[in-house]
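These are the residues of each chain, in order.
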Amino acid sequence: MKPSGPPSRGWILPRHELALLAAIVVVFVGTGWLDPNGTYFNAWAESRDIILRNTALLGIIALGASVVIISGGIDLSAGSMVAMSGTTCALIMMLFAAPDDRRLVTVGPLGIAAGVGGALLAGLLVGTLHTWLITSIRLPPFVATLATLVGLRSFARAMCVFVTRERWGSESQQIQVNTPAFVWLKEHNVVVSVAVFLTLAVVTWLILSRTVLGRHLYALGGNEQAARLSGIRTENVKWFAYCFGSLTAALAGIFLMADSSVAQPNAAGRNYELNSIAAAVVGGCSLQGGVGTVTGTVLGALFLRLVIDAVSKLIKASADIYEGMIVGIIVALAVTLTQFGQLMNAGGRLFPGLRGLAAIPTIAVFAGLLSMMGSANVEALRGRTVPFGLAVGTLVLLVLSAVRWWENRRTT
Amino acid sequence: MEPIIAIRGVSKRFPGVVALADVSFELAPGECQAICGENGAGKSTLMKILSGVITDYEGEILVRGRPVRFTRTRDAERAGIAIIHQELNMVEQLSAAANIFLGRELRTPLGLIDNAAMEREAGELLAGLECPIDPRIPAGALRVGDQQLVEIAKALSLRTDILIMDEPTSALTEAEVARLYRVIERLRARGTTILYISHKMDEVFRLADRITVLRDGRHVRTIDRGVTSPREVTGWMVGRDIAGHEFHGQRQRGERLLEIRGLTLPWPEHPRGYRLADVSLDLHAGEILGVAGLMGAGRTELLETIFGAGPTTWTGVIRLDGKPVRFHHPREACAARIAMVTEDRKRLGLFPDLDVAANISLCSLAAALRGGLVSREREEALVAGPIRSTGVKTPGPHAAITGLSGGNQQKCIISRWLLTQPRILLLDDPTRGIDVGAKAELYQLIDRLCREGLGVILTSSELPELLTLADRIIVLAEGRLTAELSRGEATEQRIMEAATAV
């Protein structure tokens, strides 16, 4: 499978997207079938809403991440931008609310417009700052956005503390947002965020595959020097890419704030930066730049959220705890699979030499421990978690050893 | 005498391509054998097999009579085979000495790295190769020719007696080439067997005892140098007899397009102080101005300065149609209808992830818009013209550009610029790394464009190319203009004299 890089043309999905779609169907059907509680049947509406809402939030940011990645850059700051955006929105609305209103109930339409506008403006400012750091100061994108990843969240907290003290006379690290419009948004969160996500996806698709700017984004990511020498204003293209990246994060930040009825600079949007990059990569974007599609990213985000949901249902554990592991495993697997053909064509081996030998027990130990922990909440395995873990570990050990043995035989 | 390497019935297939088909030939100990072939003839696949990079192939390779099958490069090294790749494999941050001993560093009795011993030994090896550089200098700071000798020194330190060289002169100055020839003679005197891969006939006929020709993955023949001619070998390489193209027909010289006076481009971090000094030239419509010079003479810098792609700190005057201009970005040069085909196609010209059509339409995509959006039909129609007129051989407009040969890729890049309807075309070494047949086609294309009224500035690292195409030739030496020769005056001898006159 080769991820499709060039602007996708026509309606036939490339192989990478088809494979993702198939994987999504498999995971979906598999979860519905294996889930002991049958959640997808008993509580379909609730499950659907959770998956859709999470996918929309992740997807909005992942679209921004894709554009940045396709242009050959990286934006690590999305999670902090989410926090910054929510906080900015809440703080501006606070200034429009009654002085003693600590739940922001009394904010009018003007205040809401100013809050949302301010949050989006913050996105544009941060994107511009990134572009300046990268094109004028010549920081590598990784460094520039690492700085804002660390810096923006702290900045948002400081801003929160300062404004609450000035306005209310007492410091607060978070702000309740019970503005009626946002309460409405919370109640209709799924519909609105999914609609925004899909609209944004269509817009991004149009930009990437049907505009001159989009072509220049691919060209910039594919070969920056050649792009400049072809007369493309690469700095301006980057300006768009980083602003788009920060703007999508700001948008997601407003939804997240509405969803939790609180602006929490300390906690909001943590890990979104890495998960959105993961969704883009699972969707076929190459971190080398120049390769990626909107369809891929949308499917990648859906697939990630679906698997996270599936695992939390099957082993009845909190999705939070397992989320990181799932994302990690899927990213590694997805990229391995996209490169599998090349690896095999080049006569490559999965477990060559001493390193390969050492990797086999390492993987087996992880697999065994994971299955042991994962089986703790499964009815059929209660009290037998240790033997189960040992069995899985041994099985993985045997299978991988067999693969290595076969590889050795084939190459000698 | 028993062959030192015997290649017997070696085949290698990649998906959809046969890279090598049943190739057999032998290498006698101590000989210098040249392998000639166009790009895609299978030369590099063969190299990769001999160096242990490609491990799954059919057929058999015998080294000193024993069958071998290398599974990694170290196996080949152990069998006494070393390869000097066209693109050198250096860790640029490490010193020359560290590069020579990379992976088998000398150690002190305590097990620590013994830099002094390595530097001493590296210095001796390099001195023996007429390369008196300080082995402590980072490899990245060395000239290409010196880097290559560092690689040869590494091969020597491995006690290699079979040296494979892949187009070793492609990035060398004439002086460095001459030095390389002397080094090769010295190695041969020691009994080293050399497999010399090249498609430059003068080198091949100067160095090789025998010549092996590959075409389309097949072995055409192996023949003694004495009983063949460059023309015959070229014919075998391309599978047809190419007549030497001459473009001496009178061209119609038009009005003056470009006038450069006293162009100086400073270079503060270099002891010389300038990249270009006091260069003046004129370019008229309908003529080809050749720019000759050794590597580092300032040819690329001259074109980049005109095109607005280099530093804008230059002084002097550039007049376009009599009006002074100073471009700060290639975009501005495009708008003034100047186009530049850069040297090093892969690094500075191609977009490997974009298809053929997108590579061609890139600079003029605005012409393919319908309602503000790129229209697939309009884009196809837009690129169809230049694809036809430049003769790009592609399966279709949406084929992968990386699947085309070097010559066709270069035609795509020229097509890209023709779509911008330039009046001045800057060509920086446009035929580098392109095989013989495609070169002739490019010559015809460039000649035709010139006759259609374009003003062309052409640089080349091959003098015959300039003598074939150019109406006038200016010669740069270390940033200074040392000669301007009309077609009648220009000979290789005179150009070389001017290029080395510093």
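Because the structure is predicted, anything quoted here is derived from the model rather than measured.

Draft legend 1. Seen up close, the overall build of chain A. Looking only at helices and strands, chain A has 16 helices and two strands in total. Scaling as 2.2 N^0.38, a compact globule of 412 residues should have a C-alpha radius of gyration of about 22 Å, and chain A matches this with 23 Å. When its C-alpha atoms are laid out on the principal axes, chain A stretches across 75 × 65 × 40 Å. Looking at chain A as a whole, 44% of its 412 residues are labelled buried. In chain A, 74% of the contacts between residues at least 6 apart in sequence involve partners at least 24 apart.

Draft legend 2. View of helix H8 (residues 230-238) of chain B. All names here are of chain B. For H8, the complete set of buried residues consists of Val233, Thr234 and Met237. Along H8, the residues classed as buried sweep out an arc of 100° about the axis, all on the same side. Summarising the contacts, the buried residues of H8 are in contact with strand S3 (32-36), helix H7 (201-207), strand S9 (210-215) and helix H15 (436-451). Glycine 239 occupies a position one or two residues after H8 and carries a positive phi of about 80°.

Draft legend 3. Quick look at the domain arrangement of chain A. Residues and elements named next belong to chain A. Along its sequence, chain A is carved into domain 1 (15-345) and domain 2 (353-411). Between the C-alpha centres of domain 1 and domain 2 there is a distance of 35 Å. Residues that form the side of domain 1 that touches domain 2 fall into these classes: three nonpolar, no polar and one charged.

Draft legend 4. Layout of the interface of chain B and chain A. Each side of the interface is counted separately: chain B has 27 residues, and chain A has 23 residues. Elements that contribute at least two residues to the side of chain B that touches chain A include exactly helix H10 (330-335), helix H11 (345-348) and strand S18 (373-374) of chain B. Broken down by element, the residue count for the side of chain B that touches chain A peaks at three residues, all from H10 of chain B. Looking at the side of chain B that touches chain A residue by residue, the classes come out as 17 nonpolar, four polar and six charged.

Draft legend 5. Inspection of helix H15 (residues 353-374) of chain A at higher detail. Over its 22 residues, H15 of chain A runs 32 Å from end to end, which matches the ideal 32 Å to within 8%, given 1.5 Å per residue. Taken together, the buried positions of H15 of chain A are Ala364, Gly368, Ser371, Met372 and Gly374 of chain A.

Draft legend 6. Spotlight on the sheet that holds strand S7 (residues 162-166) of chain B. Residues and elements named next belong to chain B. Taking strand neighbours across the sheet as the criterion, the six strands line up as S6-S7-S8-S3-S9-S10 in an open arrangement whose pairing is mixed. In the strand order of this sheet, the two ends are held by strand S6 (81-84) and strand S10 (218-224), each with one partner. Each strand axis lies, on average, 20° off the axis of its neighbour in the sheet, ignoring direction. Note: S3 against S9, four bridges, orientation parallel. Its bridge partner lying in S9, alanine 34 is registered against isoleucine 211. Lying over the sheet, helix H1 (residues 43-50) contacts S3, S6, S7, strand S8 (193-197) and S9, oriented at roughly 145° with respect to S7.

Draft legend 7. Summary view of the pairing of strand S22 (residues 480-486) of chain B. Residues and elements named next belong to chain B. Pairing analysis gives six bridges linking strand S21 (residues 472-477) to S22, with the strands arranged antiparallel. Paired with alanine 477 across the strands is arginine 480, a residue of S22. Hairpin geometry of S21 and S22 is characterised by an intervening segment of two residues between the two adjacent antiparallel strands and by a positive phi of about 45° at glutamate 478.

Draft legend 8. View of the pairing of S7 of chain B. All names here are of chain B. The buried fraction of S7 is high, at four of five residues. Pairing between S7 and S8: five bridges, direction parallel. Looking at the pairing, methionine 165 lines up with tyrosine 196 of S8.

Draft legend 9. Inspection of the domain arrangement of chain B at higher detail. All names here are of chain B. Each domain of chain B was delimited in the assignment, giving domain 1 (5-238) and domain 2 (256-337 + 422-499). The distance between the C-alpha centroids of domain 1 and domain 2 comes to 34 Å. At the interface, ten residues of domain 1 touch seven residues of domain 2. At three residues, the largest contribution of residues to the side of domain 1 that touches domain 2 is made by H8. Its residues placed into classes, the side of domain 1 that touches domain 2 shows three nonpolar, five polar and two charged.

Draft legend 10. Expanded view of unusual backbone geometry. Residues and elements named next belong to chain B. Positive phi outside glycine occurs at arginine 64, with the angle close to 50°. Residue position: arginine 64 is located in the loop between strand S4 (58-63) and strand S5 (66-68). Overall, arginine 64 belongs to the partly exposed group, with 15 C-beta atoms counted inside 10 Å. Residues other than glycine seldom take positive phi values, yet aspartate 321 does so here, at roughly 55°. Tracing the sequence through the fold places aspartate 321 in the loop between strand S14 (315-320) and strand S15 (323-324). On the basis of neighbour count, aspartate 321 is assigned to the exposed category, with 12 C-beta atoms found within 10 Å.

Draft legend 11. Representation of the nonpolar core within the structure. Ranked by size, the top nonpolar core spans 175 residues in total, and within it Ala90 and Leu304 of chain A together with Leu426 and Val456 of chain B carry the most contacts. No other element matches helix H11 (residues 234-260) of chain A, which puts 15 residues into this core. Setting aside anything within four residues of it in sequence, one finds leucine 304 of chain A in contact with Leu58, Asn275, Ala278, Ala279, Val282, Val327 and Ile330 of chain A. If you look at the next biggest cluster of nonpolar residues, it comprises 68 residues, including Ile61, Ile81, Ala97 and Val213 of chain B.

Rules used in this analysis
Residues numbered from 1 in each chain as written. Chains lettered and ligands numbered in written order. Predicted model: local features only at pLDDT ≥ 70, side-chain atom pairs only at ≥ 80, totals over all residues. Helix = DSSP H or I, 4+ residues; strand = E, 2+ residues; numbered from the N terminus. Rg over C-alpha atoms; globule rule 2.2 N^0.38 Å. Buried ≥ 20, exposed ≤ 12 C-beta atoms within 10 Å, placed from the backbone. Contact = placed C-beta atoms within 7 Å. Arc of directions from axis to C-beta. Domains from an automatic or database assignment. Nonpolar A, V, L, I, M, F, W, Y, C, P; charged D, E, K, R; others polar. Expected span 1.5 Å × (residues − 1). Pairing = 2+ DSSP bridges. Axes fitted to C-alpha atoms, helices over the stretch in contact; angles between N-to-C directions. Core = buried A, V, L, I, M, F, W, Y, C linked by C-beta atoms within 7 Å.

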